Amino acid sequence: MLGALDLTEVNLLAHSLGCAVVWCYLDMFGPERLAKLILVDQSPFLTANPAWSKEERQAAEFALTPKQRHDPITLYEVKHLLDAVAKLAGPDGEAVTRAFVGGLFTPRVSEAEKAWAIDRMLMLPRPYAARLLYDNATQSWFDVVTRIPLPTLLIGGKASQIPWKSLVWMHERIPGSHLEIFEEVDGGKHFTFMENPQKFNRIVADFLG
């Protein structure tokens, strides 16, 4: 799209799986058309690769708390990932989605707001969502993240299922990057932009100048 419209100096804001789309774009096409990146609540790794060396595994594990390492929600173990994908693609995929997405918000979010977000997600058939989940969770973006040459803002949440320390890991490896971690009381789960739009928008506006 950027090429077809001949767009340059583009600022990209991506959330969750959208961050993987941005990393894929950078890997395939490079940063020439881009100006700044805003990456919201996504880790460059979601599932441990059994082929990783001891050093690579240690580098990944520091970003996951002991509880999260054995929590299927984090998809850290391959067996948990395969089970989650099967359930999402199966006849109970809608119920699985509702249960999972409901946990991505703090209690401050109303049931109506949660329902709105879930309904948007359910517009995608669950078998396709399961494929996206599998593809995203089995792809490591370590190498791409460490090659980002653009001004980058990283936003995460202390209470998010995405380990906030994984954003610290990226912050330490992207030169000149900015990091903002929302506390849970500030809406610091997966949807910070819905839970605290005033703070979120202010941070983004300040970064874009």
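Thresholds applied
Residues numbered from 1 in each chain as written. Predicted model: local features only at pLDDT ≥ 70, side-chain atom pairs only at ≥ 80, totals over all residues. Heavy atoms only, no water. Core = buried A, V, L, I, M, F, W, Y, C linked by side-chain atoms within 4.5 Å. Buried < 20%, exposed > 50% of the residue type's maximum accessible area, 1.4 Å probe, protein only. Helix = DSSP H or I, 4+ residues; strand = E, 2+ residues; numbered from the N terminus. Contact = heavy atoms within 4.5 Å. Phe/Tyr/Trp six-rings, centres within 6.5 Å; stacked < 30°, edge-to-face > 60°. pLDDT = per-residue confidence, 0-100. Axes fitted to C-alpha atoms, helices over the stretch in contact; angles between N-to-C directions. Parallel < 35°, antiparallel > 145°, perpendicular 65-115°, else oblique. Left-handed = near helix turned anticlockwise from the far one by under 90°.

Participant: Help me out: how do you make sense of the nonpolar core in this one?
Facilitator: One broad rule of soluble globular proteins: the nonpolar side chains tend to lie buried together. Core analysis: the largest hydrophobic core is formed by 32 residues, its most contacted members being W23, L26, L34, L37, L39, I148 and M170. At the level of secondary structure, the elements contributing two or more residues to this core comprise strand 1 (10–15), helix 1 (17–29), strand 2 (34–40), helix 4 (78–89), helix 7 (126–137), helix 8 (142–145) and helix 9 (164–173). The dominant element in this core, judged by the number of residues it contributes, is helix 1, at 6 residues. Among residues more than four places away in sequence, those in contact with L26 are P31, L34, L37, V144, I148 and L150. The next biggest cluster of nonpolar side chains, apart from the first, holds 9 residues, and it includes L153, I155, I203 and V204.

Participant: Can you help me understand the packing of aromatic side chains in this one?
Facilitator: Remark: the centre distance and the inter-plane angle together describe each pair of aromatic rings, the angle taken between the planes. Counted by the stated rule, this structure contains 8 aromatic pairs. Between F105 and F191, the ring centres sit 4.6 Å apart and the planes meet at 10°, which makes this aromatic pair stacked. Pair noted here: F105 is in the loop between helix 5 (93–102) and helix 6 (111–121) and F191 is in the loop between strand 4 (178–182) and helix 10 (192–195), with a separation of 86 residues, a long-range link. Assessed through its relative accessible area of 6%, F191 is described here as buried.

Participant: How should I be thinking about the confidence of the model for the protein in this particular structure?
Facilitator: Low pLDDT means the predicted coordinates in that region are not meant to be read closely. Residues at a pLDDT of 70 or more form 86% of the protein, whose mean pLDDT is 88. A low-confidence stretch, residues 62–76 stays under pLDDT 50, and its non-local contacts, those more than four residues away or across chains, total 36 contacts.

Participant: Please clarify how unusual backbone geometry should be interpreted in this entry.
Facilitator: Residues other than glycine predominantly adopt negative phi, and peptide bonds predominantly adopt the trans conformation. Positioned with a positive phi, D6 is a non-glycine residue whose angle comes to about 50°. Position of D6 relative to the elements: it lies in the segment before strand 1. Given a relative accessible area of 54%, D6 falls into the exposed group. Of note in the backbone geometry, E9 takes a positive phi value of approximately 50° without being a glycine. Looking at the secondary structure, you find E9 in the segment before strand 1.

Participant: How should I be thinking about the packing of helix 5 against helix 6 in this particular structure?
Facilitator: Close contact between helix 5 and helix 6 brings their axes to 10 Å; oriented N to C, the two are set at 135°. One finds that helix 5 runs oblique with respect to helix 6. Where helix 5 crosses over helix 6, the handedness of that crossing is right-handed. Where helix 5 approaches helix 6, its residues R98, V101 and G102 are matched on the opposing element by K114, I118, D119 and M121.

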